[in-house]
Every structure is written in C-alpha cells, then in structure tokens.
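Structural overview
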Amino acid sequence: MADNAPIGVFDSGVGGLSVLREIHARLPGESLLYLADSGHVPYGEKSPAFIRERCRSIAAFFLSEGAKALVLACNTATAAGIAELRELYPTVPLVGMEPAVKPAAQATRSGVVGVLATTGTLKSAKFAALLDRFASDVRVITQPCPGLVERIEAGELDTQATRSLLRGFVEPLIEQGCDTLILGCTHYPFIKPLLVQMLPPTVRLVDTGAAVARHLETVLAARDRLGSSGAATRFWSSGDPRRLAGVLPVLWGEHGDVAYFPG
C-alpha cells in the first residue's frame, strides 16, 4: 500500500527549493512540506550548536505535521545536525546533502576541482572526511562565498551586483586550472545560468540535488513507503512569508501560499 504521509524538506532559506524541485520531478506522487528557515539565513555563518538547535526544532515541527521522512536540503545543516537527528529519531528516514566531491574527482581532466560553498560547509569535519576519502588524487581548491546566499534569497539571480560578487569567487579557481566546479550549497544551482555565462565551456558544474532525490526514492522504496497522492506542496518560512511567496514563481515554478513558522 502507498504511504501518502508527507516528506518534510528544509533549508536555511530558499536554496532547498532546488532540491525540492528534483524530488518533485522524480517522485510526483509524494506530498511535500517545505520550510525555509529564512529568519536565520545563512546557516553557513552560524555555529554548529545553533544549527543543531534549528534542526531539532524544524524536525519536531515536521513530525508534528505527520512527516514520514525528512530531507536536510542544506550541506551545512547536514554536516552539523543530521547525526544528532538520527540519534533522536532512529526510525525516521533522514536524507542529507553533501558536496559532490566523489563525482567531481572522477570527472576532472585537469586534476583540479573547485568548490563554491559556505564557510560552515568548508570548515566541517564531514567535508574534510569527503576530501580524505575521495579526493586524495586531485587538487581541491575551496572558495567560501560570503554574501552570495543573501543575493539569491533576494531573488537577485542575474543582477550586476551578483555578477560582480560571483566573478570574484570563480576567477581565481579558473586561473588555477579548475575544470570541474562543485556547487556546495543548495542555493547555488539557481545561478547556474549565470555561471555558464562566465565560465569556459570546458568547466563542468556538479551539484547533488538529483542524487538526493534518487537516494530518497531508494530509502522510501526499501521501507515500502512510496506515496501516490501527489497533494499540493505546503510552504512555511521563519522570515517574512511574503518574501518566500514572491520568489516561488521563479525558484519553484508556481505560486504557493506560505505560512509563518515561529519556531
């Protein structure tokens, strides 16, 4: 029998909508809940203890809404909080994000891989472990991107200010021979068109949204918990709900009602 309980998906802001789109495309029968923790964006500049507290609060909320599974659609939240959530909720399927170090290391021809990510992700032990495990034979150049998440949160996907900021992040990577670029934050897929314009055509962009959707499908299928109802997606924001509602047509593809999350 189908399990039509919803799946809860959250991020520090609107970035997780890039993952939500992949989940919806792969699993159209699933009912989805999305929470943008925009009142506390960006997570990448917050302490691990603070991020763990946010993860606990949001997970408890989703479970109170009947969620059958949780997706941490944020690299920083996954690095800081998923281990604790697995201890707290051992029977709940939990799917997180991690920068695509392994496929990038396999794809590079020059042997130089660039990573665009938040400071929190780049400083995490989880990211260090990925490098040790999958990138011992390549050179990985990391680039923190302060201010970029805030631009994307504001819907500034192709403004001159965003272009200038992004160019300052990617040009040093290209100068050092990077031919594969990891988008290490769920916000960054929304600026792929801008990146394509400013990068040489030989540079490959790698993100993990589609892989997360495939993994979620595998996890739910193994538990016989795939859904079939495809109910309308519900949205919350801990910031101004009007801001999330305003960017949904661009980042999600359709309008939606957004409730305030006070947690």
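Just above, that's the structure.
Right, let's walk through the structure included here. Please read these numbers as outputs of a predicted model, since none were measured by experiment.

**With respect to the sheet that holds strand β9 (residues 234-237)**
Reading across the sheet, the six strands line up as β4-β3-β1-β2-β9-β10 and stay open at both edges, with parallel pairing between neighbours. In the strand order of this sheet, the two ends are held by β4 (94-95) and β10 (258-260), each with one partner. Where strand β2 (residues 32-36) lies against β9, four bridges are found, and the strand directions are parallel. Counted as the bridge partner of Y34 is F235 from β9.

**A look at the packing of aromatic side chains**
For the coordinates displayed, the defined rule picks out six aromatic pairs. Geometrically, the ring pair formed by F61 and W236 is edge-to-face, given 5.1 Å between the ring centres and 85 degrees between the ring planes. Of this pair, F61 sits in helix α2 (residues 48-64) while W236 sits in strand β9, and the two are 175 residues apart along the sequence. Classification of W236 by relative accessible area gives buried; the value is 8%. On the numbers, 5.9 Å between centres and 75 degrees between planes, the contact of F235 with W252 is edge-to-face.

**Looking at α2**
Compared with the 24 Å implied by 1.5 Å per residue over 17 residues, the 24 Å span of α2 between its first and last C-alpha is a close match. For α2, every residue scored as buried is listed here: I51, R54, C55, S57, I58, A59, F61 and F62.

**Description of the packing of helix α1 (residues 17-26) against helix α10 (residues 209-222)**
Where α1 contacts α10, the two axes come as close as 8 Å, and the packing angle between them is 45 degrees. Judged by the angle between their axes, α1 and α10 are oblique. In this structure, α1 meets α10 at a crossing whose hand is right-handed. Counting all contacts with α1, which are made through V19, E22, I23 and R26, the residues of α10 involved are G209, A210, V212, A213, R214, L216 and E217. Considering only residue class, the contact of α1 with α10 consists of six nonpolar, one polar and four charged.

**Description of the pattern of salt bridges**
Per the stated rule, a full pass over the model turns up 14 salt bridges. The salt bridge involving E217 is made with R26; its shortest N-O contact spans 2.7 Å. With E217 in helix α10 and R26 in helix α1, the pair connects residues that are 191 residues apart, well separated along the chain. In this structure E217 comes out as partly exposed when scored by relative accessible area, which is 24%. For R26, a relative accessible area of 40% gives the class partly exposed. In this structure, the salt-bridge partner of E156 is R151, at a minimum N-O distance of 3.0 Å. By relative accessible area, which is 25% here, E156 ends up partly exposed. Note on R151: relative accessible area 30%, which makes it partly exposed. One connected set of salt bridges, linked through shared partners, spans D37, E53 and R54.

Here is what the cut-offs are and how they apply
In every chain, residue numbers begin from 1 and rise along the written sequence. Since the coordinates come from a predicted model, pLDDT governs what is reported: local features require at least 70, and pairs of side-chain atoms require 80 or more to be given and counted, while whole-chain, interface and lining totals use all residues. Side-chain numbers come from the whole structure's heavy atoms, not from hydrogens or water. Following DSSP output, two strands are said to pair if at least two bridges run between them. By the criteria applied, helices consist of DSSP H or I runs no shorter than four residues and strands consist of E runs no shorter than two, each listed in order from the N terminus. Between 30 and 60 degrees the pair is tilted, below 30 it is stacked and above 60 it is edge-to-face, where a pair is any two Phe, Tyr or Trp rings, Trp via its six-membered ring, whose centres lie within 6.5 Å. Think of it in three bands: residues with accessible area under 20% of the maximum for their type are buried, residues over 50% are exposed, and the middle band is partly exposed, with areas taken using a 1.4 Å probe on protein chains only. A helix's residues, less one, multiplied by 1.5 Å, set its expected span. For helices, the fitted line uses only the C-alpha atoms of the stretch in contact; every axis is such a line through C-alpha atoms, and the angle between N-to-C directions lies from 0 to 180 degrees. Convention used here: angles under 35 degrees read as roughly parallel, angles over 145 as roughly antiparallel, angles from 65 to 115 as roughly perpendicular, and any remaining angle as oblique. A clockwise turn of the near helix away from the far one marks a right-handed crossing, whereas an anticlockwise turn of less than a right angle marks a left-handed crossing. Residue contacts are defined here by distance: any two heavy atoms, one from each residue, within 4.5 Å place the two residues in contact. Each residue gets one label: Ala, Val, Leu, Ile, Met, Phe, Trp, Tyr, Cys and Pro are nonpolar, Asp, Glu, Lys and Arg are charged, and the others, such as Gly, are polar. Note on definitions: salt bridges are taken to be side-chain nitrogens of Lys or Arg within 4 Å of carboxyl oxygens of Asp or Glu.

Nothing here speaks to function; it is geometry throughout.
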